[in-house]
Amino acid sequence: MDAKENLFELQFLREEQHLALPTLTSLVLVREIHDVLYQYLVDEEKERLFDAFLDMLKRHVSRQREGNGPFSVRIEELNFLEAEGLRELKYMNWIEVPVYVFQVKSRRAPGEAGYEEERERVARVLDDLLVYNWAPGTDIIYTYPQQVP
């Protein structure tokens with residue numbers, strides 16, 4: 001029996017609209033985003049949300065992620081930037097993309113013997129099939145259209 005047979009199932013959960021960062025980027029962009037968008041933060045809560053957003057972006061750009069997809073965030077999660085801040089991201093070539101959310105159902109549960117090895121095999125198969133990113137610490141993946149820039 002092939003080791004990849006019955007390795008996992010994908011269950012479609014929903015479609016979301018995300019803003020996606022163009023794939024060619026660098027940490028310099030993080031500084032630029034900070035400088036441009038900081039003006040839209042009018043209270044401590046918005047500043048906290050902005051810092052969390054920048055931390056996610058830094059992790060992605062520095063390759064501390066699982067998956068091969070672009071950096072993206074649900075538009076609703078960026079509402080703290082309000083309309084002007086979202087427009088600024090679009091001026092910086094961020095694009096609105098449909099993202100398809102799936103749950104990856106593996107044979108083993110987290111913490112179970114062999115789970116990490118199985119997850120690596122699942123990731124190799126997904127790398128061959130999809131443009132995707134794992135949602136950190138979950139069994140959820142975000143998949144992207146093949147033509148995302």
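Thresholds, definitions, all that
- Here the residue index of a chain counts from 1 through its sequence in written order.
- In keeping with the predicted nature of the model, local features appear solely for residues at pLDDT of at least 70, side-chain atom pairs appear and are counted solely at 80 or more, and the whole-chain, interface and lining totals rest on all residues.
- Side-chain measures were taken over the full set of non-hydrogen atoms in the model, leaving aside hydrogen atoms and water.
- Secondary structure elements are taken from DSSP: a helix is a run of H or I of four residues or more, a strand is a run of E of two residues or more, and numbering for both begins at the N terminus.
- Only protein chains enter the calculation, and the probe is 1.4 Å; a residue is then buried if its accessible area is under 20% of its type maximum, exposed if over 50%, and partly exposed in between.
- The contact criterion used is simple: two residues touch if any of their non-hydrogen atoms lie within 4.5 Å.
- Accessibility throughout is a Shrake-Rupley quantity obtained with a 1.4 Å probe, and a residue counts as covered only by protein chains that appear here.
- Every definition here rests on a 1 Å grid over the protein atoms only: cavities are sets of points where a 1.4 Å probe fits but cannot get out, pockets are open sets enclosed by protein on both sides within 12 Å along at least five of seven lines, and lining residues have some atom within 4 Å of a point.
- Grid points are joined across faces, edges and corners, and a volume is the space filled by probe spheres set on the points.
- Think of it this way: a Phe, Tyr or Trp ring, Trp meaning its six-membered ring, pairs with another when their centres are within 6.5 Å, and the plane angle makes it stacked under 30 degrees, edge-to-face over 60, tilted otherwise.
- Here, nonpolar core refers to any group of buried Ala, Val, Leu, Ile, Met, Phe, Trp, Tyr and Cys residues whose side-chain atoms link them within 4.5 Å.
- At least two bridges found by DSSP between two strands is the condition for calling them paired.
- Note on geometry: axes are C-alpha line fits, over the in-contact stretch for helices, and angles between N-to-C directions span 0 to 180 degrees.

A. Layout of the overall build of the chain. Regarding its fold elements, the chain presents four helices and five strands. The order of α-helices and β-strands along the chain, N terminus first, is β-α-α-β-α-β-α-β-β. Buried positions account for 38% of the 149 residues belonging to the chain. The contacts of the chain with a sequence gap of at least 6 include a subset with a gap of at least 24, amounting to 73%. If you sum the accessible surface of the chain, you get close to 8,900 Å²; carbon and sulfur atoms cover 50% of it.

B. Geometry of the layout of surface pockets. In this model, the largest pocket occupies a volume close to 460 Å³. Forming the boundary of the largest pocket are 21 residues, of which Met-56, Ser-72, Trp-134, Ala-135 and Pro-136 lie nearest the centre. Put simply, the parts of the chain that give the lining of the largest pocket at least two residues each are strand E1 (8-20), helix H2 (44-61), strand E2 (72-74), strand E4 (131-134) and strand E5 (140-144).

C. The packing of aromatic side chains, seen in detail. Tallying each qualifying case throughout the model produces five aromatic pairs. Centroid distance Phe-12 to Phe-102: 5.4 Å. Interplanar angle 70°. Geometry classified as edge-to-face. Linking Phe-12 in strand E1 with Phe-102 in strand E3 (residues 95-106), this pair joins segments that are 90 residues apart in sequence. On the basis of relative accessibility, which here comes to 46%, the residue Phe-12 falls in the partly exposed class.

D. Fine view of the nonpolar core. Core analysis: the largest hydrophobic core is formed by 21 residues, its most contacted members being Ile-33, Phe-50, Phe-53, Leu-78, Leu-81, Leu-89 and Trp-94. Residue contributions to this core peak at five residues, all from H2. In contact with Leu-89, other than residues within four places in its own chain, are Leu-19, Leu-37, Leu-78, Leu-81 and Trp-94. Within the second largest apolar cluster, eleven residues are counted, among which are Leu-7, Phe-8, Leu-126 and Ile-141.

E. Region of the structure containing the sheet that holds E3. The sheet built from five strands is open, its strands ordered E2-E1-E3-E5-E4 with antiparallel pairing. Each edge of the open sheet is held by one strand with a lone partner, namely E2 and E4. Each adjacent strand pair in this sheet contributes to an overall mean axis angle of 45°, direction not counted. Of the strand pairs in this sheet, E4 and E5 are connected by four bridges, and their pairing is antiparallel. Residue pairing in the sheet places Tyr-132 in a bridge with Thr-143 of E5.

All we've got here are geometric facts, nothing functional implied.
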